[in-house]
Amino acid sequence: MTITQIRYFVEAARQMSFTKAAEQMFTIQQVVSKQVKRLEEEAGCPFFERRSGRLYLTEAGRILYDFWSRMLMEQEEALERARHTVQSSGRIIRIGTLAISSIQDRLAEAISTVRVQ
């Protein structure tokens, strides 16, 4: 379970669309739906019902959406407070993360489009 997968799920639930979530997350629909599917498999329960091309949150999905959307807001608030504290002290610390799962998906997509001649 990665923070990126959780972000994809929260955005898909907010938009009720993998395509719209992908647009908001600057990626493609297949990446979002694959990562949400992996998250569902790891959790052992579906978060969405997929009917007639539309998404509906399951009860488990509603519970996790409520929790994870609050968690992501609190994370952003904590980061903002941390940045403010550092900036007021005159020092800046930058911390970055690399979402390996999204790179793996993009690499796999790129490889699958290359034809061996």
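Residues numbered from 1 in each chain as written. Predicted model: local features only at pLDDT ≥ 70, side-chain atom pairs only at ≥ 80, totals over all residues. Heavy atoms only, no water.

Student: Before we go on, may I ask you to explain the overall build of the chain in this structure?
Tutor: Of regular secondary structure, the chain possesses five helices and two strands. Pairs at least 24 apart in sequence give 55% of the contacts found in the chain among residues at least 6 apart. Counting every atom, the chain has about 8400 Å² of accessible surface; 55% of that belongs to carbon and sulfur. (Helix = DSSP H or I, 4+ residues; strand = E, 2+ residues; numbered from the N terminus. Contact = heavy atoms within 4.5 Å. Areas by Shrake-Rupley, 256 points an atom, 1.4 Å probe, with all protein chains shown as cover.)

Student: It is not clear to me how the packing of aromatic side chains should be interpreted in this structure. Could you clarify?
Tutor: Describing an aromatic ring pair means giving the distance of the ring centres and the angle of the ring planes. For the structure shown, the criterion picks out five aromatic pairs. Seen in terms of ring centroids, F9 and W68 are 5.6 Å apart; in terms of plane orientation they differ by 80°. Their pairing is edge-to-face. Separated by 59 residues along the polypeptide, F9 in helix α1 (residues 3-15) and W68 in helix α4 (residues 59-89) bring together distant segments of the chain. Of the aromatic side chains, those joined through ring pairs into one cluster are F9, F18, F47, F48 and W68. One residue, R51, lies across the ring of Y56, its end atom 4.2 Å from the ring centre. (Phe/Tyr/Trp six-rings, centres within 6.5 Å; stacked < 30°, edge-to-face > 60°. Lys NZ or Arg CZ within 6 Å of the ring centre and 35° of its normal.)

Student: I would appreciate a short explanation of the pattern of salt bridges in the present structure.
Tutor: As a working rule, side chains carrying opposite charge can pair if their charged atoms are close by. Evaluation of the coordinates by the stated rule reveals six salt bridges. Where E40 meets R50, a salt bridge forms, and the shortest distance between an N and an O atom there is 3.0 Å. Here E40 is found in helix α3 (residues 29-43), whereas its partner R50 is found in strand β1 (residues 48-51), with 10 residues between them in sequence. Given a relative accessible area of 41%, R50 falls into the partly exposed group. The partner of R51 in a salt bridge is E49, with the nearest N and O atoms 3.1 Å apart. Classification of R51 as partly exposed rests on a relative accessible area of 41%. (Salt bridge = Lys/Arg side-chain N within 4 Å of Asp/Glu carboxyl O. Buried < 20%, exposed > 50% of the residue type's maximum accessible area, 1.4 Å probe, protein only.)

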